[in-house]
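Descriptive structure summary
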Amino acid sequence: MTTGSGMQQPKTFTGKTMLFWLFGFFGVIFAANGVLVWLAESSFPGVTVDSAYTASQAYNQSIATAREQAARGWEVDAGLSRTSEAGAHLEVTALDRAKTPLTGLAFSATLQHPTHDGRISVMLEDQGAGRYSADLSEVPAGSWYLVLEARSGEEQVFRSENRLFLKD
């Protein structure tokens, strides 16, 4: 519809138009929230131990073991580096309180990605002079939890949990 001056009349804003915009706005918000909730639920299981009760039964023993480990004063450092497109190298250096290399231990390592179920477990080889290492294949880049355990015979003498980052 035009007026005598040649300009068009603006469309009227009705209740139906307002209702359409209101439903459209909240529909987009609900759809986005639904997608984000689905992604969060499907990507992180939220479980760190299978049974909290069973884990709690070993709590006092875990504290005693941690105190014994702290009394030893060992320095254990770990590094994760890229060796090929998909491969990586894990190296651990272990020294006692007097900075003497620790040898003859059986080190094991478990790498776990914080948001995925997959785990990589490996035994490290004693390279001498307090160095232990392992080559890993198919390790994606990103942040990893590293659980290191050392045994002397049947006794666990060291345990640590660290975060490492592996570049592309």
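Reference entry: report on the structure contained in this document.

Rules used throughout
- Residues numbered from 1 in each chain as written.
- Predicted model: local features only at pLDDT ≥ 70, side-chain atom pairs only at ≥ 80, totals over all residues.
- Heavy atoms only, no water.
- Helix = DSSP H or I, 4+ residues; strand = E, 2+ residues; numbered from the N terminus.
- Rg over C-alpha atoms; globule rule 2.2 N^0.38 Å.
- Buried < 20%, exposed > 50% of the residue type's maximum accessible area, 1.4 Å probe, protein only.
- Contact = heavy atoms within 4.5 Å.
- Areas by Shrake-Rupley, 256 points an atom, 1.4 Å probe, with all protein chains shown as cover.
- Lys, Arg positive; Asp, Glu negative; His and termini not counted.
- Charge placed at Lys NZ, Arg CZ, Asp CG, Glu CD.
- Expected span 1.5 Å × (residues − 1).
- Pairing = 2+ DSSP bridges.
- Axes fitted to C-alpha atoms, helices over the stretch in contact; angles between N-to-C directions.
- Polar contact = N/O pair within 3.5 Å; in protein donor to acceptor, adjacent residues only side chain to side chain.
- Salt bridge = Lys/Arg side-chain N within 4 Å of Asp/Glu carboxyl O.
- Core = buried A, V, L, I, M, F, W, Y, C linked by side-chain atoms within 4.5 Å.

Digging into the overall build of the chain
The secondary structure content of the chain amounts to three helices and eight strands. Starting at the N terminus, the α and β elements of the chain follow one another as α-α-α-β-β-β-β-β-β-β-β. In terms of overall size, the chain is more extended than a compact globule, its C-alpha atoms giving a radius of gyration of 29 Å where 168 residues would be expected to give roughly 15 Å. C-alpha atoms of the chain, sized along the principal axes, occupy 100 × 40 × 25 Å. Here the chain holds 168 residues, and the buried ones make up 21% of them. Pairs at least 24 residues apart make up 53% of the contacts formed inside the chain by residues separated by at least 6 positions. As displayed, the chain offers around 12200 Å² of accessible surface, 58% of which is attributable to carbon and sulfur atoms. Averaging the positions of the 13 positive and the 18 negative side-chain charges in the chain gives two centres separated by 11 Å.

So, helix 3 (residues 59–72)
Over its 14 residues, helix 3 extends 20 Å from the first C-alpha to the last, a length consistent with the 20 Å expected when each residue adds 1.5 Å. With its phi angle positive at about 70 degrees, G73 sits one or two positions after the end of helix 3.

Regarding the sheet that holds strand 5 (residues 125–128)
One key point about sheets: their strands pair by backbone hydrogen bonds, in either a parallel or an antiparallel sense. If you walk across this open sheet you meet the four strands as 1-2-6-5, and the pairing is antiparallel. For this open sheet the edge positions go to strand 1 (75–82) and strand 5, each flanked by a neighbour on one side alone. Ignoring strand direction, the axes of neighbouring strands in this sheet form an average angle of 25 degrees. In terms of strand pairing, strand 2 (residues 88–95) meets strand 6 (residues 131–136) through six bridges, oriented antiparallel. Counted as the bridge partner of L90 is A134 from strand 6.

Looking at the side chain of H89
Residue placement: H89 occurs in strand 2. The exposure class of H89 is buried, given its relative accessible area of 19%. Side-chain polar atoms of H89 contact the side chain of E91, separated by 3.4 Å. With near-sequence residues (within four places) excluded, H89 lies in contact with G79, L80, S81, T83, S133, A134 and D135.

Structural notes on the pattern of salt bridges
Tallied over the entire structure, the rule returns five salt bridges. When the shortest N-O distance is used, the salt bridge between R72 and E155 registers 3.9 Å. Of this pair, R72 sits in helix 3 while E155 sits in strand 8 (residues 155–166); the two residues are 83 residues apart in sequence, bridging distant segments of the chain. Judged by relative accessible area, which is 23%, R72 ranks as partly exposed. The class for E155 is partly exposed, based on a relative accessible area of 43%. Measuring nitrogen to oxygen at the nearest pair gives 2.1 Å for the salt bridge that ties K99 to E75. Remark: E75 occurs in strand 1 and K99 occurs in the loop between strand 2 and strand 3 (106–112); sequence separation between them is 24 residues. Because the salt bridges share partners, they merge into one network encompassing E149, R159 and E161.

So, the sheet that holds strand 7 (residues 142–152)
On the basis of which strands lie adjacent, the open sheet formed by four strands has the order 4-3-7-8 and antiparallel pairing. Among the strands making up the open sheet, the edge pair consists of strand 4 (119–123) and strand 8. Direction aside, the axes of adjacent strands within the sheet are offset by 15 degrees on average.

A word on the nonpolar core
Residues L80, L90, F107, L124, L136 and L148 are the most contacted members of the largest nonpolar core, which totals 26 residues. The set of elements that each furnish at least two residues to this core consists of strand 1, strand 2, strand 3, strand 4, strand 6, strand 7 and strand 8. Residues within four places of L148 in sequence aside, it is in contact with V76, A78, V92, F107, S108, A109, F158, R159, S160 and N162.

That is the geometry; function is a separate question.
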